[in-house]
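# Chains, contacts and geometry: an overview
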Amino acid sequence: MKNLNTEKTLKLLSRIMEFELAGVVRYTHYSLMVTGPNRIPIVQFMKAQASESLLHATQAGEILTGLGGHPTQQIADIDETYRHSVQDILQESLAHEQRALNLYKELLETVEDRSVYLEEFARTQIAQEEVHGLELRKMLRDIGVGVTAHQPHAHDRDDDDDDDERDDERDDDGDDAKKRASPKNGEAKRAKKKDKKKKHKEKRA
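Below, the structure is looked at part by part. Given the structure is predicted, the values throughout are model-derived calculations rather than measurements. (Residues numbered from 1 in each chain as written. Predicted model: local features only at pLDDT ≥ 70, side-chain atom pairs only at ≥ 80, totals over all residues. Heavy atoms only, no water.)

### A look at the overall build of the protein chain
A tally of regular secondary structure across the protein chain gives six helices and zero strands. Each helix and strand of the protein chain, ordered N terminal to C terminal, gives the series α-α-α-α-α-α. Of the contacts made within the protein chain by residues no fewer than 6 positions apart, 79% connect residues no fewer than 24 positions apart. Summed over all atoms, the accessible surface of the protein chain reaches about 14100 Å², with 50% contributed by carbon and sulfur. (Helix = DSSP H or I, 4+ residues; strand = E, 2+ residues; numbered from the N terminus. Contact = heavy atoms within 4.5 Å. Areas by Shrake-Rupley, 256 points an atom, 1.4 Å probe, with all protein chains shown as cover.)

Below is the structure:
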């Protein structure tokens, strides 16, 4: 196993701690700004994210101090867009989770094959951040962001084909009825009747 680059690891853990603490502030802020009919479940989600960010910051701080580092009292910069629609909040949350994911991936690259515990910690955090990203994407999809056009299911296509066949049959029946009702058909029938009468007279004569 390779030697751990302690200095680089401590710097990364400090950045992670600052970023997660910023997440506490960010998600608490979002929970206060959400409005609309879906407010309650989204507020609950944001509060849970704030609590989890605090947990992640504490975990990173415990490892940092265990390696001889000093925990930071700063937090990462938080951009304030002053846009607080549900769509904006979810999109900003997704971007935040992506940045957190990148930090943990960088940590994994630094500690991989150097510390089993730190490697497992980084992998666990990466998995959690990926799950958060999936949840946020699904929440955005529900409000019409990034939704692909509806693709009909197989049974939908079968039903459509059956409807088309029935329409074709109705059209054919209609065409037959039109043919029977057309003036040309009436003239043909009258001509046949005249021919029959003429032949009948000829036979009698």
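### Re the packing of aromatic side chains
With the rule as written, the count across this model stands at two aromatic pairs. When the ring of Y27 is compared with that of Y30, the centres are 6.2 Å apart and the planes differ by 75°; the resulting orientation is edge-to-face. With Y27 and Y30 both in helix α1 (residues 6-33) and three residues apart, the pair spans about one turn of that helix. The residues Y27 and Y30 share a single accessibility class, namely buried. Note on Y104 and F121: the rings are 6.3 Å apart at their centroids and 75° apart in plane angle, and the pair reads as edge-to-face. Taken together, the residues span a long stretch of sequence, with Y104 in helix α3 (residues 86-111) and F121 in helix α4 (residues 116-142) at a distance of 17 residues. For F121, a relative accessible area of 9% gives the class buried. (Phe/Tyr/Trp six-rings, centres within 6.5 Å; stacked < 30°, edge-to-face > 60°. Buried < 20%, exposed > 50% of the residue type's maximum accessible area, 1.4 Å probe, protein only.)

### Some details on the pattern of salt bridges
By the definition in use, this model includes six salt bridges. R15 is paired through a salt bridge with E106; the nearest N and O atoms lie 3.6 Å apart. On the criterion of sequence distance, the pair formed by R15 in helix α1 and E106 in helix α3 is long-range, its members being 91 residues apart. R15 gets classed as partly exposed once you look at its relative accessible area, which sits at 40%. The partner of E112 in a salt bridge is R123, and the shortest N-O contact between them spans 3.1 Å. Taken together, the residues E112 in the loop between α3 and α4 and R123 in helix α4 connect sequence positions eleven residues apart. On the accessibility criterion, E112 (30% relative accessible area) is partly exposed. (Salt bridge = Lys/Arg side-chain N within 4 Å of Asp/Glu carboxyl O.)

### Re the nonpolar core
L13, I16, Y104, L107 and F121 are the most contacted members of the largest nonpolar core, which has 23 residues in total. Of all the secondary structure elements, the ones that give two or more residues to this core are α1, α2 (39-66), α3 and α4. Here L107 is in contact with T9, L12, L13, I16, F121 and A122, once residues within four sequence places are set aside. Grouped together as the second largest cluster of nonpolar side chains are 13 residues, A50, I89, L90 and L136 included. (Core = buried A, V, L, I, M, F, W, Y, C linked by side-chain atoms within 4.5 Å.)

### Structural notes on α4
Relative to the 39 Å expected for 27 residues at 1.5 Å per residue, α4 spans 40 Å between its end C-alpha atoms, a close match to the ideal helical length. Taken together, the buried positions of α4 are L118, E119, F121, A122, Q125, I126, E129, H132, G133, L136 and L140. Buried positions along α4 lie against α1, α2 and α3. (Expected span 1.5 Å × (residues − 1).)

This is a description of form; function is not addressed.
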